[in-house]
Structures are given as structure tokens and as C-alpha cells.
Amino acid sequence: MSSLSRELVFLILQFLDEEKFKDTVHRLEKESGFFFNMRYFEDCVTNGEWDEVENYLSGFTKVDDNRYSMKIFFEIRKQKYLEALDKHDHAKAVDILVKDLKTFSTFNEELFKEITLLLTLGNFRENEQLSKYGDTKTARGIMLLELKKLIEANPLFRDKLQFPGLKNSRLRTLINQSLNWQHQLCKNPRPNPDIKTLFTDHTCGQPNGSRAPSPATSSLMGSIPKVGGFPPLGAHGPFQPAPAPAPTPLTPPLAGWMTNPASVPHQTVSAGPLGLTVPSNAASMLKHPRTPSTNNLAMDYQTADSEHMLKRSRPFGISDEANNMPVNILPISYPGQSHTHTLYSSNDLPKTVVVKLAQGSAVRSMDFHPIQHTLLLVGTNIGDITIWEVGGGERLVLKNFKVWDLGSCSVPLQASLANESTASVNRVTWSPDGSICGVAYSKHIVHIFSYYGGDDLRNHLEIEAHIGNVSDLAFSQPNKQLCIITCGEDKTIKVWDVVTGSKQYTFDGHEAPVYSVCPHYKENIQFIFSTAIDGKIKAWLYDNLGSRVDYDAPGHSCTMMAYSSDGTRLFSCGTNKEGESYIVEWNESEGAVKRTYHGLGKRSVGVVQFDTTKNRFLVAGDEYLIKFWDMDNVGMLMSTDADGGLPASPCIRFNKEGTLLAVSTNENGIKILANADGVRLVRLIESRAHDASRSASGTVAKGPVMGTYGASSSAAGTSIGDRSAIVPAMVGLNGDSRSMPDVKPRILDDSDKSKVWKLTEINEPSQLHSLRLPDTLLAVRIIRLIYTNSGSAILVLTYNAVHKLWKWQRNERNPTGKACTSVAPQLWQPSSGILMTNDISETNLEDAVPCFALSKNDSYVMSASGGKISLFNMMTFKTMTTFMPPPPAATFLAFHPQDNNIIAIGMEDSSIQIYNVRVDEVKSKLKGHQKKVTGLAFSNVLNVLVSSGADAQVCCIILSPSPHPTPPHPISPSLTHT
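All of these numbers come straight from a predicted model, not from anything done at the bench. (Residues numbered from 1 in each chain as written. Predicted model: local features only at pLDDT ≥ 70, side-chain atom pairs only at ≥ 80, totals over all residues. Heavy atoms only, no water.)

**Focus: the overall build of the protein chain**
A tally of helices and strands in the protein chain yields twelve helices and 44 strands. Expressed as a percentage of its 978 residues, the buried residues of the protein chain come to 55%. Counting contacts in the protein chain only where the partners sit at least 6 residues apart, residues at least 24 apart contribute 57% of the total. (Helix = DSSP H or I, 4+ residues; strand = E, 2+ residues; numbered from the N terminus. Buried < 20%, exposed > 50% of the residue type's maximum accessible area, 1.4 Å probe, protein only. Contact = heavy atoms within 4.5 Å.)

This is the structure in C-alpha cells:
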């Protein structure tokens, strides 16, 4: 088969998988022999589908092809035989022995006799070599590890274990490009071309001909507006180049289907003799256990958008000559350990009431701070805005509704305020970095506040956004400029600049008041979903060219839309005029409902509100209850009444970590529910607040404000200067194809936020547990140590400049995969065996000041041991670059929390250098300390860098959008540019 034909098979495989033709996908994989789907193979083995296991393998190898293949089939049939014996099904065991295992007797007759003798034992574990055989589930898991090693070492599987790096929906894109080309050849190209079929070339009819139906009748295309599908919105859509006065339909899919990485490459292994013996070093067989995926198990193909494609090396088989070499592979062992997928349970949900807050008026909207996970922003029916520290039950801020500049208001607004001076809050939300919050009111206006921590909430902008009710607002960042999107009773959607308040776009097209907006960012395309009270949903690009889709919400309901935390799954929840409520997941590529969740009431009061968390759970307030769903199961997971007192359709909101859930009550209050982690977090803050109150005689501590951001005051309309200085650029980091989406109302990705420490108070010796980390490398004194941000590993830097990484694996004893003392971690190394070693040439280790820093997503480590600074890839341990040879030597390192390319480097000559790794350039050099720099810390909320030095001084510098930081507000001596 030609190379192009082979590539076409891969495109078809990708398309079939996208369309969920799973059986056809695996059949084509087997019949073509081009791609061995390790995930599918693993599932079949784990489920004991032995006939399908061998049938699938037969498309790639036969028993007698080579020693690796023989070993693979032998282990599978031996496991099948032992399972039959374990069930005391001797008839089936004999059948397997005669039909399946006898073929191996020609290669090892003694082994076949030994296997046969197992039939005579009451329990085959009486055989010494099988004495450690555990239960069936464990045995399959152990065998699967062995099979994966054999497959990856088998030359017949070379280049068949990795799916090509294709862009999402590549076949669709090629068809769209072909149609673009065909349309450009039309003599009379139409603005809205007529596409009736893909079976023949496209041509536009005569200009005076009758108008054809919508060209989006093909479900494959999914491209033209006013059908029941999401049209793709992007650069490869059909007919984009056609000159036409009307808006051009753009068509690559709004979202591709997600993919899982291929199996992690193992060390090269060899196929040894068949046998039952348990090796003495059986633990080595578990060196690379299968890590349960957190993604959709049904999706196996990688795309070029997957960060794993950039981080995992491609597994290579060994040469053909290996078949003629002496080989020796250790047989399977059965230690008491198994590896299973972690399933979500109701134990992970916040369902324990830990705090009750007396708001004083009916709650209309809530939003947790994106970084300070116990700060809750609340808006009420009388226009009050409150910020709570829920851990201590403390009201930090209370602002009553007031128009800041009544004289500049329109006549209709002044008339409305004359009749009633208050307005209800419809929506409150934080900006991505938590430095700004927005409030939408029921009367014309939107307020934007600047938050400086503690009780410092300052007026920033007042915008008369719509005529009448402002239904919703959300933050977005088109063209890297922070904006706020509003919608309202006047049937429009508007986009405003957050810094200046100037209007950027107005979107008209809804025929009823607009109820909600949901901005998003995907595949380099910024767009906005909007919903109206008549059940219509539309999508818009930032171009003033009209809506790109027009379709109906389920049941024509008044609905809200929200993405999962990682921005890959789209959900909506709403209620129609009859009180019927719907909560669904959408197939973005087709604009169709992917799944409808069961459990909402049929006579809901008001519009049911919902939220998502951690790519795992959905929650809705309905029928005086809080109802939870696992995203992957349509049945309701559980419900709770939160000890009673809830309204029929309560307002609800998760915090970013999913550890806390706020819910409104009938008595103008709020209840905070927590899971185990949330309970610990709340108790910790309560204890700190108690200690602070004792030491400060009951005074409320105000959060420190570090530096100033232009002229600020609490007066109406006050400018915050160049507020973009404190807005992080929401762009992809390090080229790892993970741009931060505009997800309403919480935008930043999990990996881009600082984690709140979940500490517990230690009072008793019994609370302390110890664990010795296993170390097979040279034992050397540890100089620096840090937990990874995910909490699943420990990284250390030793005296001899070598890094060591211990990882905890997910298993039955440690289902979270987090650091613990109940299970020992593994000293992890990539299959290449290389170590992350710092440059120490011409370095006196006794005088060196070792330092390192870990990026927020745990993908990179920056390190120095007195020599050059090294940047390592944590997945491969490879050195990506080295720079800045001494003198002076680096003494402290810190990654910027929003951009892994920006690094602050403290030097032994007392200077601080701001370095951009991507362009290999020092952007700024700062001075102020008198001795070497001993510490650096970026603020996660403010654009501030704090440094400490051996001169006992602490300095603060304020960062700006320009390459050079602005003059700081000093805590200690001022830093100056050089």
C-alpha cells in the first residue's frame, strides 16, 4: 500500500473514532495492521475478553512469528488456563490445555507437562512457582505490564504503537479545503453556496436560479448557520475566501475530540524462555505500572494538540537481528499489588455543612475567588455586594447599591431610579486573576471593582451597558486584552474594554432578551455563546459580522452554558416556561446533545442554576435539593438537602478546587458545604483567625497591599491607571499547546493556579508518620527538596548536582496518587536512564548555593549548583538549555506564575535578573540589595515580585506590561534599573 493510502487509513480511523464507530475502528486497526491500539488491548485484557485479545493480536502477529510473539500468546493462554483452574472449571481448563497450550509443547515439553500436572492439584498455588499468584484482577494487571513490554520490544510492532500527530478532525478539514478550492473555481460564486452532496464536485447554480437549501445539510460538514449543529468557527472553513458582502460562514469545528497519550515507553526487553517461575527481583516488573487515565477512556488517538505528543518519546522496537540473539525475559510475578482505575465517588463531593453565613438579603449570584479559594463574592436582590472569608465566617466587604455618577446616566435610567432607588444583582464574577470583579444589575448598569486584598475593594468603572435589565456578564481576553462581555433585556451582547470602559463590539440578532453569555477560547479561535429567554442559542466571533449559529436549547428552555475546567466539554442547564428543566452535555462538532442527565424535576420553580468542577462533577439546585452528577454518567450520583432550609431553586457555586460548595438558603443566608479537604481548609483558617484575634485583641487584619497601580481611590469613576499591568496574559505557555480558554465564569486552567495548602494541626505524636524513600542511586546528601505542585511527587537536588524524583502511583492503597506514608513512592527515571545533572564545571561545591524552581504545571525544572543555570524537561529528564555561566552565580530562581518562559534569577552579586527563556534574553537587571539574593517570590494575585537578601532586607518590585518593571513601592531599599 502506498504511503498516501496508508495515511488515508489513519484519517479514516480518526474520523471513525470521532463518530463513535468503535467496533469499526478496531476492526480497521486490525485489518490494516497500521496501528496497534494499546488502550483497547489493555481494556480487553483487563476484562478477560480472551477471544478478542487473540483476534486483535492476529492482525499484527502470529504465535510462531518470533520469540516475542510466542511469549505474548503463551502468557495470555497461561492466564486463561489458570483462571479456569481457579474457578475449578476443569473441563474448560482441559480444553484450553489441549487447544491452546499444547502448541507450545514442541518448544518446551517439560513446561507443558508441568502445566498439565496443575490439573491434579486442589489449588494450583500449591505449586511453588505459583504460590504468589493473587486474585484474578491482580494477576491480569501484572500480566498486562509484561505484555506491554513484550509488544513494545517486538520488531513486528515497530512504528505501530503511536498514532500520527494529526490536527483535530483532519479529514473534515481536507474536505473543507477541497470545497473552498471548488468554490473559487465557480463562475458565479454565491455568498451562501449550495452544497447538496460530497459525491460530486461543487458548482454554484446560475445567479437567477432558485435559492438552494442551507448548505449544512451534511452532518459531516456541520458548517453553516441556522441548523441544529455547531458550525466550525475557524481558519479552514469552507468558502471563506469567496468575495461576498454577506457574513462568511466559517467552519472548522468549535472543538476537537480529546485524546489520551499512548503508553509510556518501557525499557527494551527481550523474549526469554516460557515458564512459571517467579523471579527473585519481581519488584522490577512493576517499575512502570499503568497509570489510570483521567481522560475519556473511549478516546485513544493523539492529535498534535496533545501536550503529551511533545513530551513523550516514541517507543522503538529492537532490530530484527534480536531474534537470533540469546534472550532471557523474566516470567511474570504476582506480588500483592494491583493497579486499577480510580473511579469517582460521592465521597469526593462537598456535602458536609461547615459554615453558615448570614447575608441579610436574598442571594442572587455567587463566585469564589479563582486563587484565594475561600473568598466568596456575593450579590443580592437589593444590590448589595459582599466578599466573605468563608473559612472564618468573616464579612470582609459590604457595598450597597449606589450609582456613582447619576448626572451622566441616561434619562430612562434616571427615571427608573426615581421610581425605585435600588437594583437587584443578576451576576457577580471575578476576573481570571482575581484582581477585578464585575457586577451586572437589573437596571442598565455594570460596575467594575478593583480588589487589592482584605477589605480593599475600590470602584473602577461604571458602565451603562444596556437598556433595562443587564442579565449576565463574563470576562474574556480577545487579542490578549482583558474585556468584559455583557448581555441584556435590549436583546444585545456587548464587549467592553476593562481598563477604559470603551465599547469594542455590539452583537445584534436575538429576537428576545439575552439571558446569558459564555465566552471561550479554543484552537486559536475566540468566540462567545449567547442564550435568550426564548430558548435560542447563538455563537459569535469578535468581528461584528453576525451570529455563526442559531439553534434551540433543549425544550426551548431559558438556559446557561458552561465549560468544564479544562475547557474541553460543554454543558448547559435551563428551565422552560412549563417548568421542565434540562441539564445536558453538547457535542460541539455537531451541535447536538451528546447526553442528557436524569434527575431534574419536571416542575422547577425559576431557572435551575448549575456549576461544574474539576472536569468531574456537575451540580444543580433543584426541588429544594443540591443534586450531583458524574460527568460521564447520566444517572444522578447523589443529592443532599444541606440540613434543610434551601429554596426551590437555590443559587450554587463550587470553588476552584471543588472542595467547597456555596448554596443560598431560604433565610437570606448561605451555607458552605465541604468535602474532607475542604473541612481541613476551613478548620485551618478558623484556627488562624482565632489566633489572630487573640493576638490583635479582636481587630480584623487587612490584607497587605504591595505597591500601587496608578492613581486609585474609592471615588466614582476612578481610574486604576494601566490596569493591564496586573492582568496576566492568557496565552499558551512554553509552546505546549495549552492556551487558557475563556471559560465562564472561571477561566484559568488547573495547572495555572497556585494550590492552597491543605494543612492540619499536629497535636499528637500519633499524627506523625514516617517513610524512607527507596534510593537505588548513589546516596548523596540532599541540599534542596520540594513537593511537585500536583502533590504526587518529591523532587530533590543533591550535593553532587544530581536531581532525584520520587513519584507515588495510583493504586488501591493510594487511590489519589498523592504523597502519603502508607505506600512507598518509586524513584522514577525515564526509559533512557539519564539523570538531570547541573553544570558544576569549575565550581567549588562547598561554596556553591544550589537552587531550583519548578514550573506551575510540573513540566520543567530550572536549576543551578554554582555553575550554569539548566532547564530540564521533567518528563524526559533532558537538558533543554543552559545559560548564564558564572560569575556571578545564581542563588535563587523563581518561575513567573502565569508564564513559564519568564524567570526571576537572584544572583550572588546582589542583582536580580528577569530572563526570558524563549528568546534567551535578559529583559531587566535590578539592583537594590547589598548582598546575595536569598529569596524570590511572585504574587499569584498581584503583578508583584518580592525579594530577600543576605543583607536582611526585603524589597518589592511592581511588574508592568513593558519588558522592564516599573519603579517599585519598596518594603525596603528601592530597586533601580541598570
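**Focus on the packing of aromatic side chains**
Under the definition given, this model contains 23 aromatic pairs. One aromatic cluster in this structure is built from Phe36, Tyr40, Phe41, Tyr56, Phe60 and Phe157. Over the ring of phenylalanine 34 we find arginine 6, and its NZ or CZ is 5.0 Å from the ring centre. (Phe/Tyr/Trp six-rings, centres within 6.5 Å; stacked < 30°, edge-to-face > 60°. Lys NZ or Arg CZ within 6 Å of the ring centre and 35° of its normal.)

**Notes on the pattern of salt bridges**
Counting across every chain of the model gives 31 salt bridges. Across the pair lysine 923 and glutamate 921 runs a salt bridge whose closest N-O atoms are separated by 3.6 Å. Three or more residues are tied together by salt bridges with common partners; here these are Arg569, Glu585, Lys594, Arg595 and Asp632. (Salt bridge = Lys/Arg side-chain N within 4 Å of Asp/Glu carboxyl O.)

**Regarding the sheet that holds strand β41 (residues 933-938)**
Spatially, three strands are ordered β41-β42-β43 in an open sheet, and the strand pairing comes out antiparallel. Edge positions in the sheet fall to β41 and β43 (954-958), since each has one partner strand and no second. Across this sheet, the average inter-strand angle for adjacent strands is 20°, counted without regard to direction. (Pairing = 2+ DSSP bridges. Axes fitted to C-alpha atoms, helices over the stretch in contact; angles between N-to-C directions.)

**Considering helix α2 (residues 22-32)**
Residues of α2 that are buried include every one of Val25, His26, Glu29 and Ser32, and no others. One side of α2 carries all its buried residues, which in axial view fall inside an arc of 140°. Exposed residues pointing more than 90 degrees away from the buried face of α2 are listed as Asp23, Arg27 and Glu31. On the buried face of α2, the contacting elements are α1 (3-18), α3 (38-46) and α4 (50-57). Taken from the residues just after α2, glycine 33 is the one with a positive phi, measuring 70°. (Arc of directions from axis to C-beta.)

**Considerations on the sheet that holds strand β3 (residues 375-380)**
The strand order across the open sheet built from four strands is β2-β3-β4-β5, with neighbouring strands paired in antiparallel fashion. Two strands in the sheet have a free side with no partner beyond their single neighbour: β2 (363-368) and β5 (394-399). Taking each pair of neighbouring strands and ignoring which way they run, the sheet shows an average axis angle of 20°. Relative to β3, β2 runs antiparallel, the two sharing five bridges. Note that in β3 the partner of phenylalanine 368 across the bridge is leucine 376.

**Focus on the packing of helix α5 (residues 67-86) against helix α8 (residues 136-153)**
One can describe the packing of α5 onto α8 by two numbers: an axis separation of 9 Å at closest approach and a directional angle of 170°. In terms of their interaxial angle, α5 and α8 are classed as roughly antiparallel. Together, Tyr68, Lys71, Ile72, Glu75, Ile76, Gln79, Glu83 and Asp86 of α5 and Thr136, Ala139, Arg140, Met143, Glu146, Leu147, Leu150, Ile151 and Ala153 of α8 make up the contact between the two elements. Tallied by class, the residues present in the contact of α5 with α8 amount to nine nonpolar, two polar and six charged. (Parallel < 35°, antiparallel > 145°, perpendicular 65-115°, else oblique. Nonpolar A, V, L, I, M, F, W, Y, C, P; charged D, E, K, R; others polar.)

**Focus: the environment of isoleucine 525**
With respect to the helices, strands and loops of the structure, isoleucine 525 is situated in strand β15 (residues 525-532). Through-space distance from the C-alpha of isoleucine 525 to that of tyrosine 542 is 9.5 Å; in sequence the pair is 17 residues apart.

**Quick notes on the side chain of aspartate 472**
For aspartate 472, the position within the fold is in strand β10 (residues 470-476). Here arginine 427 takes part through its side chain, which lies 2.9 Å from a polar atom of the side chain of aspartate 472. (Polar contact = N/O pair within 3.5 Å; in protein donor to acceptor, adjacent residues only side chain to side chain.)

**Observations concerning the pairing of strand β34 (residues 860-864)**
Walk down a regular strand and you will see the side chains alternate between the two sheet faces. The buried fraction of β34 is high, at five of five residues. Where burial is concerned, the two faces of β34 agree: the one with Tyr860, Met862 and Ala864 and the one with Val861 and Ser863 are both buried. Across four bridges, the pairing between strand β33 (residues 851-854) and β34 is antiparallel. Within the sheet, the bridge partner assigned to phenylalanine 852 lies in β34 and is serine 863. Connecting β33 to the next strand, β34, in antiparallel fashion are five residues, including aspartate 858 with a positive phi near 60°.

**Details of α5**
An α-helical turn contains 3.6 residues, so any two residues separated by three or four positions project in the same direction. The first and last C-alpha atoms of α5 sit 28 Å apart over 20 residues, in line with the 28 Å expected at 1.5 Å per residue. α5 sits mainly inside the fold: 18 of its 20 residues count as buried. In the segment just after α5, histidine 88 is the residue with positive phi, at about 60°. (Expected span 1.5 Å × (residues − 1).)

**Structural notes on the nonpolar core**
A general trend in soluble globular proteins is that nonpolar side chains are found buried together. One finds Phe36, Phe41, Leu57, Tyr81 and Leu101 to be the most contacted residues of the largest nonpolar core, which totals 44 residues. The dominant element in this core, judged by the number of residues it contributes, is α5, at ten residues. Aside from chain neighbours lying at most four places away, what touches tyrosine 81 is Ala93, Ile96, Leu97, Leu101, Ile115, Thr116, Leu118 and Leu119. Ile387, Phe401, Trp430 and Tyr451 belong to the second-largest nonpolar core, a separate cluster that totals 23 residues. (Core = buried A, V, L, I, M, F, W, Y, C linked by side-chain atoms within 4.5 Å.)

**Considering the packing of α1 against helix α9 (residues 170-184)**
Where α1 contacts α9, the two axes come as close as 8 Å, and the packing angle between them is 110°. By the angle between their axes, α1 is roughly perpendicular relative to α9. On α9, the residues that touch Leu11, Gln14, Phe15 and Glu18 of α1 are Arg170, Leu171, Arg172 and Leu174. Of the residues that constitute the contact of α1 with α9, the class distribution is four nonpolar, one polar and three charged.

**What about unusual backbone geometry?**
With an omega of -5°, the peptide bond between proline 886 and proline 887 qualifies as cis. Counting through the fold element by element, proline 887 comes out in the loop between β36 (879-883) and β37 (890-895). A cis amide bond links proline 887 with the next residue in sequence, proline 888, at an omega value of -10°. The residue lysine 20 is not glycine, and still its phi comes out positive at about 70°. Note that lysine 20 resides in the loop between α1 and α2. Classification of lysine 20 as partly exposed rests on a relative accessible area of 38%. Even without being a glycine, methionine 884 presents a positive backbone phi close to 55°. In this fold, methionine 884 is placed in the loop between β36 and β37.

**Thoughts on the state of the cysteines**
Cysteine pairs can be covalently joined through their sulfur atoms, and such a bond is termed a disulfide. All chains considered together, the criterion is met by zero disulfides. Take cysteine 487: it sits in no disulfide, and the sulfur closest to it among the cysteines is that of cysteine 558, at 10.0 Å. (Disulfide = S-S within 2.5 Å.)

**Here we look at the confidence of the model for the protein chain**
Low-confidence regions, as indicated by low pLDDT, have predicted coordinates that should not be scrutinised in detail. Of all residues in the protein chain, 76% have pLDDT values of 70 or greater, and the mean over the chain is 77. Of all the helices and strands in the protein chain, helix α10 (residues 307-311) carries the lowest mean pLDDT, 34, while strand β11 (residues 483-488) carries the highest, 96. Taken together, the stretch residues 208-268 has pLDDT below 50 and engages in 194 contacts with residues farther than four places along the chain or on a different chain. Every residue in residues 278-343 is under pLDDT 50, and counting partners more than four places away or in other chains gives 196 contacts. (pLDDT = per-residue confidence, 0-100.)

**Some thoughts on the pairing of strand β8 (residues 445-451)**
Burial runs high along β8: seven of the seven residues are buried. Residues Ile445, His447, Phe449 and Tyr451 of β8 are buried on one face, and the alternating residues Val446, Ile448 and Ser450, pointing to the opposite face, are buried as well. In this sheet, β8 lies alongside strand β7 (residues 436-441) in antiparallel orientation, the contact comprising five bridges. Bridge pairing in β8 places valine 439 opposite histidine 447. Once β7 ends, the chain turns through three residues before running back antiparallel as β8, passing histidine 444 with a positive phi of about 65°. Bridge analysis of β8 against strand β9 (residues 457-464) gives seven bridges, and the strand direction is antiparallel. Bridged to serine 450 within β9 is arginine 458. Counting the residues in the hairpin turn of β8 and β9 gives five residues, including glycine 453, whose phi is positive at 95°.

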